[in-house]
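Notes for the structure review
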Amino acid sequence: MIDDKWTKKTMWKVIRNKCIDCGDGTFKEVEHCPIKSCPLYEYRFGMPLDKWKQRKNTRKVNS
């Protein structure tokens, strides 16, 4: 049986890498992606969008 945690982690990495590739290799392009109709749009940060927003807000508070 395949470890679900490993599989999930790999899935997020693959999605993020695809978005970085599409965004000319820069994370800034991924962050400001204009293609909202893309099926990967919500997952482009390598995690669910709501989780990414929480992390981003936590980093601003701690800075």
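Computed from a predicted model, the values in this text were never measured in an experiment. (Residues numbered from 1 in each chain as written. Predicted model: local features only at pLDDT ≥ 70, side-chain atom pairs only at ≥ 80, totals over all residues. Heavy atoms only, no water.)

Examining the side chain of Glu 31
Relative to the helices and strands, Glu 31 resides in helix H2 (residues 27-31). Ignoring sequence-local partners within four residues, the contact set of Glu 31 consists of Arg 44, Phe 45, Trp 52 and Lys 56. (Helix = DSSP H or I, 4+ residues; strand = E, 2+ residues; numbered from the N terminus. Contact = heavy atoms within 4.5 Å.)

A short note on the environment of Met 11
The residue Met 11 is located in helix H1 (residues 4-22) in this model. Residue classification places Met 11 among the partly exposed positions, given a relative accessible area of 41%. For the pair Met 11 and Gly 46, spaced 35 residues apart in sequence, the C-alpha to C-alpha distance is 8.4 Å. (Buried < 20%, exposed > 50% of the residue type's maximum accessible area, 1.4 Å probe, protein only.)

Remarks on the pattern of salt bridges
One pass over the full model with this rule turns up one salt bridge. For Lys 28, the salt bridge is made with Glu 31, and the minimal N-O distance between the two is 3.6 Å. A residue pair is termed a helical-turn pair when its members lie 3 or 4 positions apart in one helix, as Lys 28 and Glu 31 do in helix H2 at three residues. Looking at Glu 31, the relative accessible area reads 17%, which means it is buried. (Salt bridge = Lys/Arg side-chain N within 4 Å of Asp/Glu carboxyl O.)

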